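Here's the letter readout for the chains.
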Amino acid sequence: MAIEIRILVYAAILLLVHVFTEAHYKTKQYGAKWNMGARDEDLPPLNPIAGRLGRARGNYLETLPIAIIALLGVVVADKTSEWTALGGWIWLVARIVYLPLYWAGVPKVRTLVFLISLVGLGMVIWPLIWAGA
């Protein structure tokens, strides 16, 4: 199996971590009844940690589709290489590091880690852009 596919499997697990971590903190604030209900009622704003976890999940979901397209794309186009694998790992590790940084409310470093993740995606996308050149 191509390492890029394995990276996607880990990316899916990371999505579950995002979803369940956020849900845990929301449930802590709003209660189990809210969690198991229809969630139709108006609620007070989320506490800072739950809010940050929700924004971190949203940010992850902004780059995950790009990663899926890029990582599957290099496999399908038979353009995998040490560089696409390295780029995929850079993206994934940066995204793993990003979550606790956002959770803790660390500015600037979090943004730098996000930019590093984009460099990793660029490394994966590059051979797809220049595949026909």
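Above this text you will find the structure in question.
The structure displayed is predicted, hence computed values, not measured ones. (Residues numbered from 1 in each chain as written. Predicted model: local features only at pLDDT ≥ 70, side-chain atom pairs only at ≥ 80, totals over all residues. Heavy atoms only, no water.)

I keep staring at the pattern of salt bridges and nothing clicks. Help me out?
Pairing between side chains of opposite charge can happen when their charged atoms approach one another. Per the counting criterion, the structure on display carries 2 salt bridges. A salt bridge links Arg57 to Glu22, with the nearest nitrogen and oxygen atoms 2.3 Å apart. A residue pair is termed long-range when its members are at least 10 positions apart, and Arg57 in helix H3 (residues 48–76) and Glu22 in helix H1 (residues 3–30) qualify at 35 residues. Within the structure, one salt-bridge network assembled from shared partners comprises Glu22, Lys26 and Arg57. (Salt bridge = Lys/Arg side-chain N within 4 Å of Asp/Glu carboxyl O. Helix = DSSP H or I, 4+ residues; strand = E, 2+ residues; numbered from the N terminus.)

What am I meant to see in the side chain of Ser117 here?
By secondary structure assignment, the location of Ser117 is in helix H5 (residues 109–129). Apart from residues lying up to four places away in sequence, Ser117 is in contact with Trp91, Ala94 and Arg95. (Contact = heavy atoms within 4.5 Å.)

I keep staring at the environment of Phe20 and nothing clicks. Help me out?
Within the element layout of this structure, Phe20 appears in helix H1. According to the relative accessible area criterion, Phe20 is exposed, its value standing at 57%. For Phe20 and Leu53, which are 33 residues apart along the polypeptide, the C-alpha to C-alpha distance reads 10.0 Å. (Buried < 20%, exposed > 50% of the residue type's maximum accessible area, 1.4 Å probe, protein only.)

Looking at this structure, I do not really get the packing of aromatic side chains. What am I missing?
Think of a pair of aromatic rings as described by two things: how far the centres are apart, and how the planes are tilted against each other in angle. Within the structure shown, the criterion is met by 6 aromatic pairs. Between the aromatic rings of Tyr10 and Trp89, the centroid separation amounts to 6.0 Å while the plane-to-plane angle is 35 degrees, which identifies the pairing as tilted. You can see Tyr10 sitting in helix H1 and its partner Trp89 sitting in helix H4 (residues 82–103), a full 79 residues away along the chain. Its relative accessible area of 38% is what places Tyr10 among the partly exposed residues. Seen from their ring centres, Tyr98 and Tyr102 are 5.6 Å apart, and the 80 degrees between their planes marks the pair as edge-to-face. (Phe/Tyr/Trp six-rings, centres within 6.5 Å; stacked < 30°, edge-to-face > 60°.)

What's the story with the nonpolar core in this structure? I'm lost.
Note on soluble globular proteins: their nonpolar side chains tend to be buried together. Of all hydrophobic cores here, the largest spans 14 residues; its most connected members are Ala11, Tyr60, Leu71, Trp91 and Leu92. Only H1, H3, H4 and H5 provide two or more residues apiece to this core. In terms of residue count, H3 provides more of this core than any other element does, 6 residues in total. Among the nonpolar cores identified, the runner-up in size contains 10 residues, and Ala50, Ala94, Leu101 and Val113 belong to it. (Core = buried A, V, L, I, M, F, W, Y, C linked by side-chain atoms within 4.5 Å.)

What exactly am I supposed to notice about H3 here?
Each α-helix winds once per 3.6 residues, and so residues spaced three or four apart point in a common direction. Over its 29 residues, H3 runs 42 Å from end to end, which matches the ideal 42 Å to within 8%, given 1.5 Å per residue. For H3, the N-terminal capping position is held by Asn47, with its side-chain oxygen 3.1 Å away from the main-chain nitrogen of Ile49. (Expected span 1.5 Å × (residues − 1). Polar contact = N/O pair within 3.5 Å; in protein donor to acceptor, adjacent residues only side chain to side chain.)

I would appreciate a short explanation of unusual backbone geometry in the present structure.
The general pattern is negative phi for most residues beyond glycine and trans for most peptide bonds. In this model, Asp78 sits at a positive phi of 55 degrees, which is unusual for a non-glycine residue. Residue position: Asp78 is located in the loop between H3 and H4. For Lys108, which is not glycine, the phi torsion reads 60 degrees and is therefore positive. Take Lys108: it is sitting in the loop between H4 and H5. For Lys108, a relative accessible area of 72% translates into the label exposed.

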